[in-house]
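Descriptive analysis of the structure
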Amino acid sequence: MHLIVHHWDTDGVTSAALLVKALGLEEFTNMTAPIGEFRFDERVWDAIEKAEKLYVLDFNVPDEVEKVRIPTLFIDHHTQPRIGNPLVEQLNPSLNGSYYPSNSLVVSEHFGVRNAWSALGVVGDIGEKAFKLDVVNELLRKANLSRAEALRLVELIDSNYIAVEREAVEEAVRVLLENEIRALLEYGPWVKKAEAIRGAIEDALSSVEDKNGFAFVEFESPFNVISKVARKLVWELDYRGAVVLNRDFHGKAQAYFRISPAEAGRIDIAEAIARLKGLGTNSGGKREVLGCVCDGDKIEKALAIIEEYLR
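Summarised in this report is the structure supplied together with it.

Conventions and cut-offs
- Residues numbered from 1 in each chain as written.
- Predicted model: local features only at pLDDT ≥ 70, side-chain atom pairs only at ≥ 80, totals over all residues.
- Heavy atoms only, no water.
- Pairing = 2+ DSSP bridges.
- Helix = DSSP H or I, 4+ residues; strand = E, 2+ residues; numbered from the N terminus.
- Axes fitted to C-alpha atoms, helices over the stretch in contact; angles between N-to-C directions.
- Salt bridge = Lys/Arg side-chain N within 4 Å of Asp/Glu carboxyl O.
- Buried < 20%, exposed > 50% of the residue type's maximum accessible area, 1.4 Å probe, protein only.
- Expected span 1.5 Å × (residues − 1).
- Arc of directions from axis to C-beta.
- Contact = heavy atoms within 4.5 Å.
- Lys, Arg positive; Asp, Glu negative; His and termini not counted.
- Parallel < 35°, antiparallel > 145°, perpendicular 65-115°, else oblique.
- Nonpolar A, V, L, I, M, F, W, Y, C, P; charged D, E, K, R; others polar.
- Core = buried A, V, L, I, M, F, W, Y, C linked by side-chain atoms within 4.5 Å.
- Bend = angle between axes of the 7 residues up to and from the residue.
- Phe/Tyr/Trp six-rings, centres within 6.5 Å; stacked < 30°, edge-to-face > 60°.
- Lys NZ or Arg CZ within 6 Å of the ring centre and 35° of its normal.

Another aspect to go through is the sheet that holds strand 4 (residues 72–75). In spatial order, the strands read 2-1-3-4-5; together these five strands make up an open sheet with parallel pairing. At either end of the open sheet lies a strand with only one pairing partner, and these are strand 2 (29–31) and strand 5 (88–91). The mean angle between the axes of side-by-side strands here comes to 15 degrees, regardless of whether they run parallel or antiparallel. Inspection of the sheet shows strand 4 paired to strand 5 by four bridges, in the parallel sense.

See the structure below:
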């Protein structure tokens, strides 16, 4: 069995679909981890034990990958250490100092398969900035998709993880594989979820505190909207960065820290992630963003670390 473990967002979902298409896989199992947590749970480890080959896509879990005992292709674009496990082939341009805006482009370049999914992965990860890239605009043109439609498709695909529906995230890969891309703009289950999520994001944005040019937002919600809120604050409202805190996300606390490109050269996100992991939190990220999930009794210490960078 070919097992694909991928991130829960649009970049992870499109990366998985691209891999299936590139390898011509007729039989495969794709899974995502517990949404919001950077780890393999028992469900994933049980599937790994039964698999012949593992693919880990857009999911920054080097510590977990070190422990696998089957041949593994680990494709990512996040900041991470080199993997020592001899069973793992690690494909990550960041190890050589190259920045890729999405994992979908890493998969596309490696396998020579480029389509609208490749572009949607970029739009999902960097938003409007994706349209400054010729490769994104060309792929969208070939698919007859406008910029607004690309943004809407990302919103629809992401609705599955934001609604914390793990099985729906996994099903999204097959939905992509089995449907013409434009038809998905009217895909009912996604449209319904997306509308409810829009309301939750608007509510969160109604209470923003400015801390030295950084936005700070705190709320409670069952929707996994922290990354969406942070992106709007940094990308659309031009804050230097944003700290978004969901104090009660299905019994856990979530913290998300996104910075602008201008701050990326000053703020060491990798260092911050390492410090948060030292607290025993589930944390990960890349050059301009980190995410942290922890028990409520650890969140104040995690926030104290993040706030040290708000200068």
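Here the structure, examined in full by the defined rule, presents 22 salt bridges. Across the pair E288 and R287 runs a salt bridge whose closest N-O atoms are separated by 3.2 Å. The exposure class assigned to E288 is buried, which follows from its relative accessible area of 9%. Overall, the relative accessible area of 40% leaves R287 in the partly exposed class. Salt bridges linked by common partners bring R152, E155, E195 and R198 together as one network.

Quick look at helix 9 (residues 188–205) now. Taking 1.5 Å of rise per residue, the 18 residues of helix 9 would be expected to cover 26 Å, and the 26 Å separating its terminal C-alpha atoms lies within 8% of that figure. Every buried residue belonging to helix 9 is among W190, K193, A194, I197, A200, I201 and A204, and all of these are buried. With its buried residues spanning 125 degrees around the axis, helix 9 presents them on a single face. With respect to the buried face of helix 9, the exposed residues turned more than 90 degrees away are K192, E202 and D203. On its buried face, helix 9 is in contact with helix 7 (147–162), helix 8 (166–178), strand 7 (214–219) and helix 10 (226–236).

Right, let's talk about the side chain of D9 for a bit. For D9, the position within the fold is in the loop between strand 1 (2–6) and helix 1 (10–23). Here D9 sits buried without a salt bridge, and the closest side chain of opposite charge, R231, lies 4.6 Å off (N-O distance). With residues near it in sequence (within four places) discarded, D9 still touches D58, D125, D158 and Y161.

In this section: the packing of helix 7 against helix 8. Interaxial distance between helix 7 and helix 8 falls to 8 Å at its minimum, and their mutual angle equals 155 degrees. Between helix 7 and helix 8, the crossing angle belongs to the class labelled roughly antiparallel. Judged by residue contacts, I157, N160 and Y161 of helix 7 engage A168, V169, A172 and L176 from helix 8. Class assignment for the residues of the contact of helix 7 with helix 8 results in six nonpolar, one polar and no charged.

Core analysis: the biggest nonpolar cluster contains 88 residues, and I4, F40, F59, I181 and V244 have the highest contact counts within it. The contact partners of I4, leaving out residues within four places of it in the chain, are A16, L19, V20, L25, F28, T29, N30, M31, Y55 and L57. Ranked by size, the runner-up nonpolar core spans 24 residues in total, among them F214, A253, Y309 and L310.

Our next topic: helix 8. Between the first and last C-alpha of helix 8 there are 19 Å, a value that for 13 residues agrees with the 18 Å anticipated at 1.5 Å per step. The axis of helix 8 is deflected most strongly, by about 25 degrees, at A172. Taken together, the buried positions of helix 8 are R166, A168, V169, E170, A172, V173, V175 and L176.

This part takes up the packing of aromatic side chains. Inspection of the entire model under this criterion finds six aromatic pairs. For the pair Y187 and W190, a centre-to-centre distance of 4.9 Å together with 75 degrees between the ring planes defines the contact as edge-to-face. Judged by its relative accessible area of 27%, Y187 falls in the partly exposed class. Taken together through their ring pairs, the aromatic side chains of W8, F38, F40, W45 and F59 make up a single cluster. The ring of Y99 has R287 lying over it, and the distance from NZ or CZ to the ring centre is 5.7 Å.

Positionally, P222 belongs in the loop between strand 7 and helix 10. With 104 residues separating them along the chain, P222 and S118 place their C-alpha atoms 30 Å apart. When residues no more than four places from it in sequence are discounted, the contact partners of P222 are I162, V164, F249 and H250.

Once that is clear, we can look at the packing of helix 4 (residues 103–111) against helix 5 (residues 116–126). Contact geometry for helix 4 and helix 5: axes closest at 7 Å, N-to-C directions at 150 degrees. The angle between helix 4 and helix 5 places the two elements in the roughly antiparallel class. Across the interface between the two elements, S104, L105 and S108 of helix 4 pack against W117, S118, G121 and V122 of helix 5. Classifying every residue of the contact of helix 4 with helix 5 gives three nonpolar, four polar and no charged.

Here the focus is the sheet that holds strand 7. What the six strands build is an open sheet, ordered 6-7-8-9-11-10; its pairing is mixed. For this open sheet the edge positions go to strand 6 (208–211) and strand 10 (282–286), each flanked by a neighbour on one side alone. On average, each strand axis in the sheet is inclined to that of its neighbour by 15 degrees, with strand direction left out of account. One ladder, built from five bridges, connects strand 10 with strand 11 (residues 289–294); its direction is antiparallel. Bridge assignment links N282 to a residue of strand 11, and that residue is V293.

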